[in-house]
Every structure is written in structure tokens, then in C-alpha cells.
Amino acid sequence: DGDFTFARTTIATRVNSNGLIEEVGINKPRLDYSDGACPSLLLEPISTNLYTYSDDLTDSDWSKDNSRVEPNQIASPDGSVISDELIEDLATTNHSVRQLKSITNGNYYTTSVFVKESSNKRDVYIRCGDANILVYFDTTNWEVGDEVQGSGKIENYGNGWYRLIATGLASSTGSDNFRFGLSNGTTNASQTYTGNNVNSMYFYGAQVEEQSYATSYIKTEGTGITRAADSATGSGDATVINSTEGVLYFEGIATNPGASANSQISISSATNSGNNRVMITPSSDTQLTLRFNAGGTQLVTQAVTVSSLSVNSKIAVRWGNGNYSLYQNGSEVYTQAIASTPTGLAKLNFSSVTETNNFNGKVKDARVYTTALSDAELTTLTTI
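No experiment lies behind these values; they were computed from the predicted model shown.

(A) Quick peek at the overall build of the protein. The helix and strand tally for the protein stands at 1 helix and 32 strands. Radius of gyration (C-alpha) of the protein: 23 Å, near the 21 Å computed for a compact globule of 384 residues. Projected onto its principal axes, the C-alpha coordinates of the protein cover approximately 75 × 40 × 35 Å. Per-residue burial over the protein gives 50% buried out of 384 residues. Contacts spanning at least 24 positions in sequence make up 68% of the contacts within the protein whose residues lie at least 6 apart. Accessible surface computed for the protein: about 15000 Å², of which carbon and sulfur atoms make up 45%. Averaging the coordinates of the 25 positive side-chain charges in the protein and doing the same for the 40 negative ones gives two points 1 Å apart.

(B) Region of interest: helix α1 (residues 375–382). The set of residues buried in α1 consists of Leu378, Leu381 and Thr382. The buried residues of α1 occupy an angular sector of 80° when projected down its axis, which confines them to one face. Turned more than 90 degrees away from the buried face of α1, the exposed residues are Ala376 and Thr380. In this fold, the buried residues of α1 make contact with β23 (246–254), β28 (313–320), β29 (323–328), β30 (331–337) and β32 (361–369).

(C) Expanded view of the pattern of salt bridges. A full pass over the atoms with the stated rule returns 15 salt bridges. Here Asp65 and Arg179 are joined by a salt bridge, their closest N and O atoms 2.6 Å apart. In this pair, Asp65 is assigned in strand β7 (residues 63–65) and Arg179 in strand β18 (residues 174–183), connecting sequence segments 114 residues apart. Each member of the pair Asp65 and Arg179 is classed as buried. Arg318 is the partner of Asp375 in a salt bridge, and the nearest nitrogen-oxygen pair spans 2.9 Å. Of the two residues, Asp375 sits in helix α1 while Arg318 sits in strand β28, which places them 57 residues apart along the sequence. With a relative accessible area of 41%, Asp375 lands in the partly exposed category. On the basis of relative accessible area, Arg318 is assigned to the buried category, the value being 5%. Salt bridges here are not isolated pairs; linked through shared partners, they connect Arg8, Arg30, Glu44, Arg227 and Asp230.

(D) Spotlight on the sheet that holds strand β16 (residues 151–158). A sheet is described by the order of its strands in space; here 6 strands give the open sequence β8-β9-β20-β12-β17-β16, paired in antiparallel fashion. Across the chains shown, the open sheet's two edge strands, defined by having one partner strand only, are β8 (67–74) and β16. The average undirected angle you get between the axes of adjacent strands in this sheet is 30°. Taken together, the 4 bridges between strand β9 (residues 83–88) and strand β20 (residues 200–209) define a ladder with antiparallel strand orientation. Residue pairing in the sheet places Leu86 in a bridge with Met201 of β20.

(E) View of unusual backbone geometry. For Asn66, which is not a glycine, the phi torsion comes out positive at approximately 50°. Tracing the chain through its elements places Asn66 in the loop between β7 and β8. A relative accessible area of 27% means that Asn66 is categorised as partly exposed. Even without being a glycine, Asn321 presents a positive backbone phi close to 55°. Along the chain, the position of Asn321 falls in the loop between β28 and β29. Overall, Asn321 belongs to the exposed group, its relative accessible area being 58%.

(F) Region of the structure containing the sheet that holds strand β25 (residues 277–284). Pairing within the open sheet is antiparallel, and its 5 strands lie in the order β27-β26-β25-β24-β31. Two strands close off the open sheet at either side, each with one partner strand: β27 (297–305) and β31 (345–349). Each adjacent strand pair in this sheet contributes to an overall mean axis angle of 20°, direction not counted. Note: β25 against strand β26 (residues 287–294), 7 bridges, orientation antiparallel.

Each value, and the rule that gives it
- Throughout this document, residue positions are counted from 1 along each chain, in the order its sequence is written.
- Given that this is a predicted model, residues contribute local features only at a pLDDT of at least 70 and side-chain atom pairs are listed and counted only at 80 or more, while totals for whole chains, interfaces and linings are drawn from all residues.
- To obtain the side-chain values, all non-hydrogen atoms of the structure were used and water was disregarded.
- Counting from the N terminus, the helices are DSSP H or I runs at least four residues long and the strands are E runs at least two residues long.
- A radius of gyration in this sense is built from C-alpha atoms; the matching globule rule multiplies 2.2 Å by the number of residues raised to 0.38.
- Categorising residues by exposure relies on relative accessible area from a 1.4 Å probe, with only protein chains included: less than 20% of the type maximum marks a residue as buried, more than 50% marks it as exposed, and the intermediate range marks it as partly exposed.
- Contacts: residue pairs with any heavy atoms within 4.5 Å of one another.
- For accessible areas, the Shrake-Rupley method is used with a probe of radius 1.4 Å. Any residue's cover is judged against the shown protein chains and nothing else.
- When charges are counted, neither His nor the chain ends are considered; positive counts come from Lys and Arg and negative counts from Asp and Glu.
- Charge positions come from single atoms, namely NZ of Lys, CZ of Arg, CG of Asp or CD of Glu.
- Arc definition: directions from the helix axis to the C-beta atoms.
- Salt bridges are defined by distance alone: a side-chain nitrogen of Lys or Arg within 4 Å of a carboxyl oxygen of Asp or Glu.
- Each pair of strands is called paired provided DSSP finds at least two bridges between the two strands.
- In this description, a line fitted to the C-alpha atoms serves as the axis of each element, helices being fitted only across the stretch in contact, and the angle between N-to-C directions of two axes falls anywhere from 0 to 180 degrees.

Here it is as C-alpha cells:
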């Protein structure tokens, strides 16, 4: 049986084949086209958008500082005409919108918002002092400007829309404003300037998450909304997975590897036992941890240095014929002579063998071969 058991107890969003953000129903997998014409299975952890009224800057939950909002001006990344225009006033100060949120010392926070330029555009900044976020964004070249506090990132969503992302590590506990707004440049302090009552930018899909990276858009209407985690487990059986020899192949991206150290991909027995398993864990952006058990004995637990896992990568793990090897992007990066082989391998999980610690990332391809492919075959298979 090649089907996975897929679960997610809430709706979620994806980018569809037309390049638009759309909702996907409960317990439905998301084939996401944000990387181009070939979709990926999008697997994400639980996350909450702390902003209320994420698509409506006119709502009173949003404090407007020396600016006004004109609602529903242009088509949004979801295709509906609900994007708001934020227009500066004449004051010599900042021109922004904000919401007050609770902050916990030592926790990461990530703010993101979709932005499109108007005919009288400005640059944009994102800020939250207690979360140590102050990042400027160049909206001419769509590049990250000064990262005064925290770090920034830009993602291109097409049709002139870009998602601006800023992340910081909170240094105190209490409450502070998460804000974004217009700036007269991309260097520190350029958020304070004299407005002209004309310059503006279009905004859609504001999001604040209590974690170290931005996940897919979570729409809110009045309260913070939580998207549940994705789970994909239990594909295959003992007739299509060979315990004596084989290859686990994966192509895709590990989302923020290391942020969730237990994000795993595994082949295990039907009883979810770790006594016989093949497992990989993206433990950092450049480190992949391998585990191999046979007959209740852990024969390999090895952290291997690899090239970046946060960009598309091809990985193959081989067992049988006297060795255990790892290939990435056309090169062998680890091998060990091992005579023992597992027994009872029966299913592929985008998780640990106990079907917890779900893999977080984008899966372009996954296969289990029933023979231990040769070095030449593995080189060809994993070459980007």
C-alpha cells in the first residue's frame, strides 16, 4: 500500500497551481506550488498567528500611527480584492500599524506580511523592540536592508507580491507592539520622516508567530488562529520494502532544520518498534543524523556534515550487501561496513518510528528501492 495516513486537524493554506494562496480542508494533504511548476508535499508544525484581523487593517484592533488605511484596493495573493493600502500622513514621525502582544523572554518571534508597491511607493520596515526585531526592506530591488535587530528574509509570490519576514529573540517578558510600516530608506532610523499624505504601499496577510521562522499563511478574523501540525505516516508494507537490502531516497527541503531537532524520516516495522529501523534527522542546516538498528542493536548513530538542507537536496541511504551509506547531491558523504541487516521493515514515515516527531519541510519525491543500488546508481540518482 503506497498511501500515507495523513492527518491535520485544522484547515491550512497552500499556493495552488495558479500561484494563488488557497485554503485546504481538514486532514487533506497540501501539494504546494510556491517553488514553481512542480509541487511539493508541504509538512509543517503547529503554529499560531497571533495577529487578529490579519487581512483587515481597518479594524480597531490595529492601531494606526500617523497613517490611514484604504481597504480592498487591489487583488491579493489569494486572488480576492481585499488588500489594504497604508498611506502616510504629514507628520514627522513613523507611519505604521501595530498590535500589542504578549512576549516571553528567550522565545523567538517571527513577523511576516505580504507587500506590493503602489504608484507612490515607500520602503518598508518591521519592528518589535522587546522581541529584538527591527528590519528594513528595499522595495525597489526587493532586498533586505539594515538588520538592526534580528534577521530578515524576502519571498517572491509573483504578480508583484513579496512576503517580508523578520525574526528576533525576545530579551524580556511582558507586552510590546508588533508593527510594520513605511520608511524613507533602508538604513537605521529611516522609519522616522516627514510624510506627504500621498506615499503608500499595499499590504495583505499579516502574521506573528512565536517561533524562529515563518510558516504558511494563517488567516485570522477576530482572534488568533492555530494551524495544526501535518502528519504523513505508514506508507508501504513488508511486500514492497526489503529488509535485507534497499535504499531510502528523498528529494526536498527541510524547513529550518535544527529548529525542531526531532523532525525525522524513517523506515520501521509495522509495530512501530525501533529495534529495526533506518532513520534520518536534519539536525541543523548542514548536519544530517543517521540511525540504523538491526535486531534491537543500534549499529549507527552518526551526525554527518552535508550541504545545506534548507535548499532542494537529493538524499539516499543504502543498507545491505555489507555496508550502510549516505549520498547527497551526487556524492557519498558517509559509509560504514555493516554485515547485519534489519528485519520486518514495513512502512515509510515522515516521522520517527513511533509516528511522533513529524518531519517539517517540502517533499518533492520519496522512494524506497528493494535493492541496494550501486555507487554509480546512487551518484546518478542524487545528482542535482
